[in-house]
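# Residue-level structural notes
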Amino acid sequence: MLIAIVDFDVAAADRAAALAQLDAERAEVSAMPGNISFRVYAGRVSDTALTILHEWQDAASFAGYQASDSFARSGAVLRPLMTGAPVSRRFHAELFETVA
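Residues numbered from 1 in each chain as written. Predicted model: local features only at pLDDT ≥ 70, side-chain atom pairs only at ≥ 80, totals over all residues. Heavy atoms only, no water.

The protein chain is annotated in an unreviewed UniProt entry as Quinol monooxygenase from Dactylosporangium vinaceum.

Here it is as structure tokens:
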């Protein structure tokens, strides 16, 4: 499994627009081959922070997302809104257990 956590900041006035863009892409990204989860979080400590949490079956599936029209559309909207460089941390993980 590949887990990617992307943190970035936008101006407080632009956060709603950034969230709307990510929300608009959620269904398409979630339906992509290999996607396990695509979640977006608005930071609680600051009114400028956003986090995207991705879970993918493997690195090839994540690479497919990065090459997608959805990724390009979001980048075209989000990059101009960012007030600094995004930080993306990527992990290879093995699911140990799912507890319901």
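The rest of the description comes next.
This part takes up the overall build of the protein chain. Of the regular secondary structure elements, the protein chain holds three helices and four strands. Along the protein chain, helices and strands appear, N-terminal first, in the series β-α-β-β-α-α-β. Here the C-alpha atoms of the protein chain give a radius of gyration of 14 Å, agreeing with the 13 Å that 2.2 N^0.38 yields for 100 residues. Viewed in the frame of its principal axes, the protein chain has a C-alpha envelope of about 40 × 30 × 25 Å. Across the 100 residues that make up the protein chain, the buried fraction comes to 33%. In the protein chain, of all internal contacts separated by at least 6 residues, the share reaching a separation of at least 24 is 71%. (Helix = DSSP H or I, 4+ residues; strand = E, 2+ residues; numbered from the N terminus. Rg over C-alpha atoms; globule rule 2.2 N^0.38 Å. Buried < 20%, exposed > 50% of the residue type's maximum accessible area, 1.4 Å probe, protein only. Contact = heavy atoms within 4.5 Å.)

Our next topic: the pattern of salt bridges. One pass over the structure, following the stated rule, counts five salt bridges. Put simply, Glu25, Glu28 and Arg73 are held in one network by salt bridges that share partners. (Salt bridge = Lys/Arg side-chain N within 4 Å of Asp/Glu carboxyl O.)

Looking now at the packing of aromatic side chains. Scanning the entire structure with this criterion turns up four aromatic pairs. Consider the rings of Phe62 and Tyr65, whose centres lie 6.0 Å apart with planes at 35°: the pair is tilted. Residue Phe62 and its partner Tyr65 are located together in helix H2 (residues 59–66), separated by three residues, close to a single helical turn. The pair formed by Phe62 and Tyr65 is uniform in burial state, with each residue classed as buried. The rings of Trp56, Phe62, Tyr65 and Phe71 are connected pair by pair, giving a single aromatic cluster. (Phe/Tyr/Trp six-rings, centres within 6.5 Å; stacked < 30°, edge-to-face > 60°.)

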